[in-house]
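This is what each chain is made of:
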Amino acid sequence: MQEIGFTIAAYPLCLLSASIKAMRETLDLVKKGEDIDHLISTFDETKTVVGFDDYYVEEARYAAKGS
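None of the values given here were measured: they were computed from a predicted structure.

## A closer look at the overall build of the protein chain
Then step 1. A tally of helices and strands in the protein chain yields 3 helices and 0 strands.
Then step 2. Listing each helix as α and each strand as β along the protein chain from the N terminus yields α-α-α.
Then step 3. In terms of overall dimensions, the protein chain is more spread out than a globule: its C-alpha atoms have a radius of gyration of 20 Å, far above the 11 Å expected for 67 residues.
Then step 4. Structurally, the protein chain occupies a C-alpha span of about 60 × 45 × 15 Å along its principal axes.
Then step 5. Counting all 67 residues of the protein chain, 7% fall into the buried class.
Then step 6. Entry remark: accessible area of the protein chain is about 6,600 Å², with carbon and sulfur atoms responsible for 61%.
Then step 7. When the 7 positive and 12 negative side-chain charges of the protein chain are each reduced to one mean point, those points stand 6 Å apart.

Shown next as structure tokens:
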């Protein structure tokens, strides 16, 4: 695409489509009673991606003294 003059290409539905497919496949495995551990992030990974770690830093920064 760069060769024909584009400097950026956007794929606005790729991540949404991929996540929908992953959710359907995961739910199908749950329905069948099969293992899904290899497909899901750990709770710590999920907390980091969602931003909990940053939230906890800010929470500590603004916590009332003596709490």
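## Describing the confidence of the model for the protein chain
Close inspection of predicted coordinates is inappropriate in any region flagged by low pLDDT.
Then step 1. In this model, the protein chain carries an average pLDDT of 91, and 97% of its residues clear a pLDDT of 70 or more.
Then step 2. Of all the helices and strands in the protein chain, helix H3 (residues 52-62) carries the lowest mean pLDDT, 91, while helix H1 (residues 14-32) carries the highest, 96.

## Topic: the pattern of salt bridges
Then step 1. For the coordinates displayed, the defined rule picks out 3 salt bridges.
Then step 2. Salt-bridge contacts for Lys47 lead to Asp44; the nearest nitrogen and oxygen are separated by 3.5 Å. Of this pair, Lys47 and Asp44 are both found in helix H2 (residues 43-50), 3 residues apart, which corresponds to roughly one turn of the helix.

Criteria and cut-off values
- Residues numbered from 1 in each chain as written.
- Predicted model: local features only at pLDDT ≥ 70, side-chain atom pairs only at ≥ 80, totals over all residues.
- Heavy atoms only, no water.
- Helix = DSSP H or I, 4+ residues; strand = E, 2+ residues; numbered from the N terminus.
- Rg over C-alpha atoms; globule rule 2.2 N^0.38 Å.
- Buried < 20%, exposed > 50% of the residue type's maximum accessible area, 1.4 Å probe, protein only.
- Areas by Shrake-Rupley, 256 points an atom, 1.4 Å probe, with all protein chains shown as cover.
- Lys, Arg positive; Asp, Glu negative; His and termini not counted.
- Charge placed at Lys NZ, Arg CZ, Asp CG, Glu CD.
- pLDDT = per-residue confidence, 0-100.
- Salt bridge = Lys/Arg side-chain N within 4 Å of Asp/Glu carboxyl O.

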